[in-house]
Amino acid sequence: MADTDRQYDIVVWGATGVAGRLVAEYLTEQYDPSAVTLAIGGRNETRLKALAADLAEGTEWNDVPIILGDATDPASLRELAASTAVVCTTVGPYTTYGTPLVEACIDAGTDYCDLTGEVNWIRETVDRFHDAAVEAETRIVHSCGFDSVPADIGTALVQSFARETFGVPCDTVRIYVEDGSGGVSGGTLASFGELFEAAAEDPVARETLANPYSLAPPGERDGVDPGQRRWPKQDPLRDEWTAPSPMAPVNERIVRRSNALLGYPWGREFRCSEVVPTGRGLRGAATAGAVAGGLGLFSAAMSVGPLRSGIRTYVFPDPGEGPTSEETDQGYFTIRVLGRGTADGNRFTVEAEFGADWGPGYGATARMLGEAGMCLHEDDTDSPLSGGVLTPAAAIGTPLADRLRAVGFTATVSEATGPGV
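By the naming in an unreviewed UniProt entry, the chain is Saccharopine dehydrogenase, taken from Halapricum desulfuricans.

As C-alpha cells, then:
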C-alpha cells in the first residue's frame, strides 16, 4: 500500500528471533534510511535495544526505532499495524501467534508478509479473512521464504516464458529440490510440529493436508492433481529417479492457489509436483527409496501423540535456537523448475533455476522476506490483485525474482534442450 501518513514503511516483527534478526540485518545493510523508514518490533525491550545498537554499528542507521508489543495482545498489534505500511513477521508458530496480527493488519489496511509453511493456518486465514482483505485492499502474503518463493516464483517464471515464447502455458510443472545446505532453527521445527498437532486434533486441518487443492478458493477445491508424491518414481521429464519432497505439501498447494487467484492463466488442467532427484540406475532407485522411507517413518512417528511429544521435547531444538552465522553464510540451495507444454502440435520444455549461496532457511529466506516487504512497500508488483490472502506469485510475481537476482540470487529461465529433457 502507499500511505504517506504512516510513521514507518516497514516493521520487522519478531526482530529478536533468529529469522527476524537476519531480516532486520539484511534490510539495514542493503538499504539506507532514505530508501525505507524501518522499525523493529517485539516484546523484549532490552533485546530490541541491543539489536538496534548492533544494526546502527557500521551503517547509516544511526537510530532504528523499536516497537513494543505482544503477539497475544491484540491492542498492541493494532497499534503496530496502524504505525506502518508493511509488516514483515517472523513470529511463529503462526497457528498459535499469527491470527491476531493478520486481523490487525486488515483492520488498519496494512500490507503483511510472513514465512509460514503451516498450510492448516493458511487455510484458516483464507476462509476467515480473504474476503475482508479484498474489501480492505490489503495484501496478506503468506510463505515468502524458502517455503514457497523458489517454487512459486520459479513456476511463475516458467509460465511467463512459455506464454511469451510459445503462446501457451505449460500444462505440467515439476519442481526439483536439487541441492542445498543450511541449518534449521527451533522456530521452524516448532511450526512443523504444530502442523502435525493440528492434523491430530482438527478435522479441517486433516482435510487440508489430504486435499491437494485445499488452499484454492471455496467451491474450487478439486482438480486433476493427485497430491504430493509418497513413493519413489522414475521421472518422465528428466529420466531419473525421484523421491518425495518434504516441502511438497506446502509448495504444491501454494502454486495451485497462485493459479486460482490469478484466474487460471495456467489452465484448470494444470498439474504441479515437487520432488527430490536422486539419480539414475540402481543407485538412484535405492537413494529414492531411502529418502521416501525416512520421510514415511518420520511422518508416522509425528502422527502418534506420545512419539510426537517426545520428538518435540527431546529432539527438536528450542524456539529461538538456530544456525550459526557461519552456517548461514556457507549454506546454499538450488531449485530447478521444468515446465512441459504443447504449441502447434509440438511439445516444448521450459527450465528455470532458482538458487543462492546462502543457507535456504535463514540467509536466503531473510533476503526473500525482506525483498517481498520492499516490493509491497514500493508497489513493485506485477499483479491484478490489490488485496486478499495471497501468495508470492499472485501478490508480487516476477518483480520479486528481479529484485532477488539483483542482490545475488540465481533466477534464470530459458527453453530446455539437450539430453535428459
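Asker: What is the right way to look at the sheet that holds strand β4 (residues 84–89) in this model?
Answerer: In a beta sheet, neighbouring strands pair by backbone hydrogen bonds and run either parallel or antiparallel. Spatial strand order, β3-β2-β1-β4-β5-β6-β13: seven strands in an open sheet with parallel pairing. Two strands in the sheet have a free side with no partner beyond their single neighbour: β3 (66–68) and β13 (388–390). Strand-to-strand twist across the sheet, computed as the mean angle between neighbouring axes with direction ignored, equals 20°. Inspection of the sheet shows strand β5 (residues 111–114) paired to strand β6 (residues 139–141) by two bridges, in the parallel sense. Each residue of the ladder has a partner; that of Tyr112, found in β6, is Ile140. Docked against the sheet, helix α6 (residues 119–136) engages β5, β6 and β13, running at close to 140° with respect to β13.

Asker: Any chance you could explain helix α3 (residues 74–82) here in plain terms?
Answerer: Because the α-helix completes a turn every 3.6 residues, residues three or four places apart line up on one side. Turning to α3, its buried residues number three or more, namely Ser76, Leu77, Leu80 and Ala81. Summarising the axial view, the buried residues of α3 lie within an arc of 135°, below the 170-degree limit, and thus occupy one face. Buried positions along α3 lie against β1 (8–13), β3, β4 and α5 (99–108).

Asker: Honestly, the nonpolar core in this entry has me stumped. Any pointers?
Answerer: As a rule of thumb, nonpolar side chains are buried together in soluble globular proteins. Among the nonpolar cores identified, the biggest contains 106 residues, and Leu27, Ile40, Phe333, Phe354 and Phe409 are the most heavily contacted of them. Ranked by residue count, the leading element in this core is helix α14 (residues 363–378), at eight residues. Split by domain, the residues of this core number at least three in each of domain 1 (8–145 + 364–403) and domain 2 (148–359 + 406–415). When sequence neighbours within four positions are dropped, the list of residues in contact with Phe333 reads Phe146, Pro150, Asp179, Gly180, Phe354, Gly355, Ala356, Trp358, Pro360, Ala364, Met368 and Phe409. The next biggest cluster of nonpolar side chains, apart from the first, holds five residues, and it includes Tyr176, Leu237, Val275 and Ala416.

Asker: What is the right way to read helix α7 (residues 149–166) from this model?
Answerer: The end-to-end C-alpha separation of α7 is 25 Å, in line with the 26 Å expected for 18 residues at 1.5 Å each. Regarding α7, the residues found buried are Val149, Pro150, Ala151, Asp152, Ile153, Gly154, Thr155, Ala156, Leu157, Val158, Gln159 and Ala162. Positive phi shows up at Gly167, right after α7, with a value of about 85°.

Asker: I keep staring at the domain arrangement of the chain and nothing clicks. Help me out?
Answerer: A common way to express how large an interface is: the accessible area buried when the components associate. Partitioning the chain into domains gives domain 1 (8–145 + 364–403) and domain 2 (148–359 + 406–415). Each of domain 1 and domain 2 has a C-alpha centre, and the two are 23 Å apart. Across the contact, 38 residues belong to domain 1 and 42 residues belong to domain 2. Summing the contributions of domain 1 and of domain 2, the shared interface buries around 3200 Å²; its carbon and sulfur component is 70%. In this assembly, domain 1 and domain 2 are joined by two salt bridges. The partner of Asp127 in a salt bridge is Arg221, with the nearest N and O atoms 2.7 Å apart. Connecting domain 1 to domain 2 are 14 residue pairs in polar contact (both at pLDDT 80 or more). Those elements that place two or more of their residues in the side of domain 1 that touches domain 2 are α1 (18–30), α4 (94–97), α6, α14, β13, α15 (392–395) and α16 (398–406). Residue composition of the side of domain 1 that touches domain 2, by class: 19 nonpolar, twelve polar and seven charged.

Asker: Please explain the packing of aromatic side chains as it appears in this structure.
Answerer: Aromatic ring pairs: the centre-centre distance and the angle between the two ring planes describe each pair. Per the stated rule, a full pass over the model turns up six aromatic pairs. Geometrically, the ring pair formed by Phe146 and Phe333 is edge-to-face, given 5.0 Å between the ring centres and 70° between the ring planes. Remark: Phe333 occurs in strand β11 (residues 332–343) and Phe146 occurs in the loop between β6 and α7; sequence separation between them is 187 residues. Of the residues examined, Phe146 reaches a relative accessible area of 16% and is grouped as buried.

Asker: Can you walk me through the environment of Gly296 in this structure?
Answerer: Tracing the sequence through the fold places Gly296 in helix α11 (residues 281–302). Overall, Gly296 belongs to the partly exposed group, its relative accessible area being 39%. The spatial distance from the C-alpha of Gly296 to the C-alpha of Arg230 is 7.8 Å, given a sequence separation of 66 residues.

Asker: In this structure, what is going on with the sheet that holds strand β9 (residues 240–244)? I would like to understand it.
Answerer: Reading across from one edge, β8-β9-β10-β7-β11-β12-β14 is the order of the seven strands in this open sheet, with mixed pairing throughout. What marks the edges here is a single partner per strand, and that holds for β8 (233–235) and β14 (410–415). Averaged over all pairs of adjacent strands, the angle between strand axes in this sheet comes to 35°, irrespective of strand direction. When β9 meets strand β10 (residues 271–279), the two strands line up antiparallel, connected through four bridges. In the strand pairing of β10, Pro244 is matched with Val275. In the packing of α7 onto the sheet, the strands contacted are β7 (172–181), β10, β11, β12 (346–356) and β14, and the crossing angle to β12 comes to about 145°.

Thresholds, definitions, all that
Residues numbered from 1 in each chain as written. Predicted model: local features only at pLDDT ≥ 70, side-chain atom pairs only at ≥ 80, totals over all residues. Heavy atoms only, no water. Pairing = 2+ DSSP bridges. Helix = DSSP H or I, 4+ residues; strand = E, 2+ residues; numbered from the N terminus. Axes fitted to C-alpha atoms, helices over the stretch in contact; angles between N-to-C directions. Contact = heavy atoms within 4.5 Å. Buried < 20%, exposed > 50% of the residue type's maximum accessible area, 1.4 Å probe, protein only. Arc of directions from axis to C-beta. Core = buried A, V, L, I, M, F, W, Y, C linked by side-chain atoms within 4.5 Å. Domains from an automatic or database assignment. Expected span 1.5 Å × (residues − 1). Buried area = accessible area lost by both parts, 1.4 Å probe. Salt bridge = Lys/Arg side-chain N within 4 Å of Asp/Glu carboxyl O. Polar contact = N/O pair within 3.5 Å; in protein donor to acceptor, adjacent residues only side chain to side chain. Nonpolar A, V, L, I, M, F, W, Y, C, P; charged D, E, K, R; others polar. Phe/Tyr/Trp six-rings, centres within 6.5 Å; stacked < 30°, edge-to-face > 60°.

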